[in-house]
Amino acid sequence: MPPTSPTPVNRDEAPPRAAVRESVRESARAPLRERGDACPGALRLHTADDGRLARLRLPAGLLTVRQAEALADAAERLGDGHLDLTSRGNVQLRGLGGSCGAELAGLLHEAGLLPSESHERVRNIVASPLAGLDELPSADVQLWARELDGLLCASPRAAALSGRFLFALDDGRGDVAGLGADVTLLARGDGSVVVRIGANGSGLRVTPEDAPRAALLAGETFLTVAEASGSGAWRVRELPAEYGRELEAAVRAGLTDAGIGTEYVAEAAGPGSGEDPGPGPVPGADPGPGPGPGPGRGPGPGSSPEQELPVPIPVLPIPVLPGPVPSPVLASPVLPSPVPPGPVPGLVPSPDGTTALSVHARLGRLTAAQWRLLAAAANGPLRVTPWRGVIVPGVAPAAAGATLDRLRTAGLITGPGSPWHGVGACTGRPGCAKALADVRSDAAAAVSRGSGGLPVHWSGCARRCGHPQGGRWVDVVATGEGRYDISVQGEAPDTTPNATTTGPELADAVAAARTTPLTSSTR
C-alpha cells in the first residue's frame, strides 16, 4: 500500500487572509510542485489524529442503494460509524483502523465502487445533481458522467492526473460551473456543449455526443502541457501563465486530431441563459432552436480570471434551484437571496410524477443510521451533492411529506428554514492535527444563537479545507487561544470589514456577518 501523507481532509488550500492581495498578484506564477500528489483515496489512506481516513470518489455523486448500504456497513465495521460528505460530492470514512485497508478495498470492490484501482483517485466528476429530477429542461449530464468515468478508467494516460483535478458537467443551470473545475462541460440552450478549461470565459463548442471524449482529451492534454512546463502542476490554475494561455489551443488541436469538430466561443452569456454562445451551427448538430431557459433558471456563474484562485472567491450570480419547504404544500420555486448555491433542501417534483427529496447533512456528517434512512427512502440511485447534501429520487408524492418529516426527526436538514442550513465546517480538533480549535463544536454552539443569511464556513486553520466555491460566504477561521477571524469572502474581500473575536461574542459576530447587507463601504 502506498505511504500515507499528512494531507488534510478536503484540502483546497487557501492562503491566510493577510496574504490575499499577494496571492492574487502571484496567481500568474506557477507553484513548483516538487512531489507527487498525496491526496487520499479509497486505497491510499491518510493518517489523521482520529485514525485513518478513506476518500471514495463518486462520479456525479451517484450511488445505488446497494452501494450506499455497503458504505454504511464499512463505516460501522471499520470506521467511527459516520460518513462525511465532501465539497466535491464524495464520501469519506474516518476513524479507520491501521490494518483495515485490504478489508475495505475488498468491500468496495464487491459493491462495484472500485472499477479501476489505478484510477480511483482521478474519478473526480461533479454534475448538476437535479438534472432530470426537477422541472427544468436539462442535458443528460448523468449519461455524460458515466461515459466520462468509463473513458477515464480505460485511459492509462489519465491515471497520471492529480487526485485534485476536477471535471464539472453542468446541465445549463450554472450550479457546478461555479465550482472552479479544471475542465467544465457546459450545456447550452441551443443543444450544444461548451468545453471550458480552468477559469477561461471562452471555450470550444462541441456536440453532446462528443462532450465526454472532449473532456477526457482536455485532461490528457493538460498532462502534456504540465509536463512541458516543468512546473509539476496538479491543476490548470497552477500552470505558468504562458503555458496556461497555450492550453486551450492545444486542447483544440487535440480534439481536431481526434476527429471532434469544434468552434471557438468567446466569453458569452452565463450558463442557463438559453442564448446562443457564438456564431454558426455546432458541427454535426441539429441547427433547430434549443429549449431555452426554464422556470427558475437564472444567469450562471460565468468565469473570471480569479475564479480558479482559492481566495478571494469572486461574487458571481449563482442561480437558486427549485426546492420547496419541507411540507406537502409546495412553496415558491425560487427562494429569496441570499442562500447557499445548489439544491435547496425540501421537496422537488419530478417530471415522471414522483418526488425527489433534497436533504443536507449537518456540517456534512451523517451517522450510518441516517445514511440508511436515505437509502431506504430511495427508488433509484442516490445523488451526493457538492453542497454536502443527498438527493433521494423516486418517492411517491403521497408519502414524500411524511418521509421528509422522518428525516428531519432523525437530525437531517430538510428545509431552508433550518438553522443548520448553509453552515459548514472542516474536521477541526480532535481529528486534525493542524486545527487550532474544535470548530464543529463552536459552529454548533453558534447555530443555537441565530441562523439565516450568507453561507458560513468554520475553519480550524488558514488552509480553510472544504470552503465554499462561488458566491459570497462568511469565513470564520480559528487563530488560536479560542479566537477566530471573521470576514466575508466573495466580493472585494480585501476591503470587507474583518473582526476577531472569542467567547460569548463569537456567535453574535458570526450571525451579524451572515446578515449584514452589502453596502458601498463593503464593496
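Right above here is the structure, for reference.
Quick caveat: nothing in here was measured; it's all calculated off a predicted structure.

Procedures and definitions
- Residues numbered from 1 in each chain as written.
- Predicted model: local features only at pLDDT ≥ 70, side-chain atom pairs only at ≥ 80, totals over all residues.
- Heavy atoms only, no water.
- Pairing = 2+ DSSP bridges.
- Helix = DSSP H or I, 4+ residues; strand = E, 2+ residues; numbered from the N terminus.
- Axes fitted to C-alpha atoms, helices over the stretch in contact; angles between N-to-C directions.
- Salt bridge = Lys/Arg side-chain N within 4 Å of Asp/Glu carboxyl O.
- Buried < 20%, exposed > 50% of the residue type's maximum accessible area, 1.4 Å probe, protein only.
- Parallel < 35°, antiparallel > 145°, perpendicular 65-115°, else oblique.
- Contact = heavy atoms within 4.5 Å.
- Nonpolar A, V, L, I, M, F, W, Y, C, P; charged D, E, K, R; others polar.
- Lys, Arg positive; Asp, Glu negative; His and termini not counted.
- 1 Å grid on protein atoms, 1.4 Å probe; cavity = no way out; pocket = protein on both sides within 12 Å on 5 of 7 lines; lining within 4 Å.
- Points joined across faces, edges and corners; volume = space filled by probe spheres on them.
- Left-handed = near helix turned anticlockwise from the far one by under 90°.

**Q** What's the story with the sheet that holds strand S19 (residues 473–480) in this structure? I'm lost.
**A** Within a sheet, neighbouring strands are paired by backbone hydrogen bonds and run either parallel or antiparallel to one another. Across the sheet, five strands lie side by side as S17-S18-S19-S20-S21; this open sheet has mixed pairing. If you trace the sheet from one side to the other, it starts and ends with strand S17 (423–425) and strand S21 (499–502), each paired once. Direction aside, neighbouring strands of the sheet carry axes that sit 25 degrees apart on average. Both strand S20 (residues 483–489) and S21 contribute to a ladder of four bridges, which runs antiparallel.

**Q** When you look at the pattern of salt bridges in this model, what are you seeing that I'm missing?
**A** For the coordinates displayed, the defined rule picks out 19 salt bridges. A salt bridge links aspartate 80 to arginine 365; its shortest N-O distance comes to 3.5 Å. In this pair, aspartate 80 sits in the loop between helix H2 (65–78) and strand S4 (82–85) while arginine 365 sits in strand S14 (residues 365–367), placing the two residues 285 residues apart along the sequence. For arginine 365, a relative accessible area of 23% gives the class partly exposed. The salt bridge partner of glutamate 263 is arginine 205, with a shortest N-O separation of 2.8 Å.

**Q** Would you mind going over the packing of H2 against helix H7 (residues 368–377) with me for this structure?
**A** Each pair of packed helices can be described by the angle between their axes along with the distance between the axes. Close contact between H2 and H7 brings their axes to 10 Å; oriented N to C, the two are set at 170 degrees. Judged on the interaxial angle alone, H7 and H2 are roughly antiparallel. Each of Val65, Ala68, Glu69, Leu71, Ala72, Asp73 and Glu76 in H2 lies in contact with H7, whose residues at this interface are Ala368, Trp371, Arg372 and Ala375. For the contact of H2 with H7, the class distribution of residues is seven nonpolar, no polar and four charged.

**Q** Quick question: what am I supposed to make of the pairing of strand S9 (residues 193–197) here?
**A** Looking along a regular strand, one sees side chains alternate from face to face of the sheet. S9 sits mainly inside the fold: five of its five residues count as buried. The alternating pattern of S9 places Val193, Val195 and Ile197 on one face and Val194 and Arg196 on the opposite face, and all of these are buried. Relative to S9, strand S8 (residues 183–187) runs antiparallel, the two sharing five bridges. The residue bridging leucine 185 from the neighbouring strand is valine 195, located in S9. Joining the antiparallel neighbours S8 and S9 is a turn of five residues, in which glycine 191 adopts a positive phi near 95 degrees. Pairing analysis gives three bridges linking S9 to strand S10 (residues 203–206), with the strands arranged antiparallel.

**Q** What should I look at first to understand the side chain of glutamate 248 in this one?
**A** The residue glutamate 248 is located in helix H6 (residues 241–257) in this model. An unpaired buried charge is present at glutamate 248: no salt bridge exists, and arginine 252, the closest side chain of opposite charge, is 7.1 Å distant. Excluding residues within four positions of it along the chain, glutamate 248 makes contact with Asn200, Ser202, Gly203, Leu204 and Tyr264.

**Q** Where do I start with empty space enclosed by the protein in this structure?
**A** It is a probe the size of a water molecule, rolled over the atoms, that shows where empty space is left. The full count for this structure, using the stated rule, is four cavities of 30 Å³ or more. Of the voids in this model, the largest cavity is the one considered here, and its volume is about 480 Å³. Around the largest cavity, the lining is made up of 31 residues, and of these Pro386, Trp387, Arg388, Gly466 and Pro468 lie nearest the centre. Elements that contribute at least two residues to the lining of the largest cavity include exactly S17 and strand S18 (456–459). By residue class, the composition of the lining of the largest cavity is 14 nonpolar, 12 polar and five charged.

**Q** How should the packing of helix H5 (residues 211–229) against H6 be read in this particular structure?
**A** Interhelical geometry of H5 versus H6 gives an angle of 135 degrees and a closest axis separation of 9 Å. Here H6 runs oblique to H5, going by the angle between their axes. Regarding H5 and H6, the two cross each other, and that crossing is right-handed. Two secondary-structure elements touch here, H5 through Ala214, Leu217, Ala218, Thr221, Phe222, Val225, Ala228 and Ser229 and H6 through Tyr243, Leu247, Ala250, Val251, Gly254 and Leu255. Its residues assigned to classes, the contact of H5 with H6 comprises 11 nonpolar, three polar and no charged.

**Q** It is not clear to me how the sheet that holds S10 should be interpreted in this structure. Could you clarify?
**A** Strand order across the open sheet formed by six strands is S6-S7-S8-S9-S10-S11, with mixed pairing between neighbours. Only two strands of the sheet have a single partner each, and these edge strands are strand S6 (125–127) and strand S11 (263–265). The sheet shows a mean angle of 25 degrees between the axes of neighbouring strands, taken without regard to direction. Each of S9, S10 and S11 touches H6; the most contacted strand, S10, lies at about 20 degrees to it.

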